[in-house]
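Here's the letter readout for the chains.
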Amino acid sequence: MTNTFIAVDIETTGLNPKSDQVIEIGAVRIAGGKKVGVFDMLVNPKRKLSPFITELTGITDSMLEGAPSQEEALKAFLAFAEEEVLLGHHLIFDYSFLKNIAVSQRISFERRGIDTLKIARACLPQAEKHSLEYLCSYYQIINAHAHRACEDATATIELYQRLKQQFYDASPQMEQVFSSEPLIYQVKKESPITAAQMRYLKALAEYHHIKLEEEISQMTKQAASRKIDQILSSYGRIL
């Protein structure tokens, strides 16, 4: 079992790593059980945030103006994290978003990870819920700024330590539950937007006087198809 790792958490525009964007990366470096470094970076998603995400996180569009792009933020995070084991709550969610960005930039990003959600489910099967918010309440862990990346990463560290103290230290046979595992997430490479899609999407946007939040030329074929269907459903065809 390791006492050296990078606790990481991200905030995003939604739940789909293929179509949503990262808006904040927070990480804390733990070495020998002690905090030795912090990484906290807002990220410009190049689109407007939904009212729900702003209410949930407290992050506003104005806060993201001039922030690094996803690609810049990932490179900065990787420089901070190096090759260390990652720790997170429902870690595959955070990893899937970061892995998508890495693949799009042809950057290798393979890591081992420790997931406190998996540990909590194994150790506390009777718990009503296993969300980070619920478990913080269960263990009386103060997280005054939940749904902000660095604060959630810090809360995850404390949760990990509480679970370790209660279950691993008292029962070393729990080692497998607390051990790191390879993080497995396969990114399906998507085709770029076609010339025909680009022309039609531009025409739809102009005809309906819609300002697209994402640069058309940067869309994938699948994202463009979804956007076209969305416009047709909401506004109708070009007459």
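Residues numbered from 1 in each chain as written. Predicted model: local features only at pLDDT ≥ 70, side-chain atom pairs only at ≥ 80, totals over all residues. Heavy atoms only, no water.

**Q** In this structure, what is going on with the overall build of the chain? I would like to understand it.
**A** Each helix and strand counted, the chain has ten helices and six strands in total. Each principal axis of the C-alpha distribution contributes one length, and for the chain these read about 70 × 35 × 30 Å. Counting the 239 residues in the chain, one finds 47% classified as buried. Pairs at least 24 residues apart make up 69% of the contacts formed inside the chain by residues separated by at least 6 positions. When the accessible surface of the chain is totalled, it reaches about 13,000 Å², and 50% of it is carbon and sulfur. Within the chain, one finds 27 positive and 30 negative side-chain charges whose respective centroids are separated by 6 Å. (Helix = DSSP H or I, 4+ residues; strand = E, 2+ residues; numbered from the N terminus. Buried < 20%, exposed > 50% of the residue type's maximum accessible area, 1.4 Å probe, protein only. Contact = heavy atoms within 4.5 Å. Areas by Shrake-Rupley, 256 points an atom, 1.4 Å probe, with all protein chains shown as cover. Lys, Arg positive; Asp, Glu negative; His and termini not counted. Charge placed at Lys NZ, Arg CZ, Asp CG, Glu CD.)

**Q** Help me understand the sheet that holds strand 1 (residues 5-12), please; the structure alone is not making it clear to me.
**A** Hydrogen bonds between backbone atoms are what pair the strands of a sheet, whose relative direction is either parallel or antiparallel. A sheet is described by the order of its strands in space; here six strands give the open sequence 3-2-1-4-5-6, paired in mixed fashion. The open sheet is flanked by strand 3 (34-42) and strand 6 (181-182), the only strands paired with a single partner. Judged from the three bridges that link them, strand 4 (residues 86-88) and strand 5 (residues 112-115) form a sheet pairing that is parallel. In the sheet register, Leu 87 faces strand 5, and the bridge partner there is Ile 114. Docked against the sheet, helix 4 (residues 91-104) engages strand 1, strand 2 (22-31), strand 4 and strand 5, running at close to 75 degrees with respect to strand 1. This element, helix 5 (residues 116-123), spans strand 4, strand 5 and strand 6 of the sheet and lies at about 45 degrees to strand 5. (Pairing = 2+ DSSP bridges. Axes fitted to C-alpha atoms, helices over the stretch in contact; angles between N-to-C directions.)

**Q** What exactly am I supposed to notice about the pairing of strand 2 here?
**A** A regular strand carries its side chains on alternate faces of the sheet. With nine of ten residues buried, strand 2 lies mostly within the body of the structure. By the bridge criterion, eight bridges tie strand 1 to strand 2 in an arrangement that is antiparallel. Bridge assignment links Val 8 to a residue of strand 2, and that residue is Ala 27. With eight bridges connecting them, strand 2 and strand 3 associate as antiparallel partners. Within strand 3, the residue paired with Ile 25 across the bridge is Met 41. Hairpin geometry of strand 2 and strand 3 is characterised by an intervening segment of two residues between the two adjacent antiparallel strands and by a positive phi of about 60 degrees at Gly 32.

**Q** Explain the layout of surface pockets to me, please; I cannot follow it from the model alone.
**A** Over the atoms rolls a probe the size of a water molecule, and in doing so it shows where empty space is left. Here the largest pocket is characterised by a volume of approximately 1,300 Å³. If you trace the largest pocket, you find 38 residues lining it, with Lys 18, Gln 21, Glu 214, Gln 218 and Thr 220 closest to the centre. Counting only elements with at least two residues in the lining of the largest pocket, the list comes to helix 3 (70-81), helix 4 and helix 10 (221-235). Tallying contributions element by element places helix 4 first for the lining of the largest pocket, with five residues. Of the residues belonging to the lining of the largest pocket, the class tally is ten nonpolar, 13 polar and 15 charged. Taken as a whole, the second largest pocket encloses approximately 650 Å³ of empty space. Forming the boundary of the second largest pocket are 20 residues, of which Asp 9, Glu 11, Phe 93, His 147 and Asp 152 lie nearest the centre. Elements that contribute at least two residues to the lining of the second largest pocket include exactly strand 1, helix 1 (51-57), helix 4 and helix 6 (132-138). At four residues, the largest contribution of residues to the lining of the second largest pocket is made by strand 1. Taken together, the residues of the lining of the second largest pocket break down into eight nonpolar, seven polar and five charged. (1 Å grid on protein atoms, 1.4 Å probe; cavity = no way out; pocket = protein on both sides within 12 Å on 5 of 7 lines; lining within 4 Å. Points joined across faces, edges and corners; volume = space filled by probe spheres on them. Nonpolar A, V, L, I, M, F, W, Y, C, P; charged D, E, K, R; others polar.)

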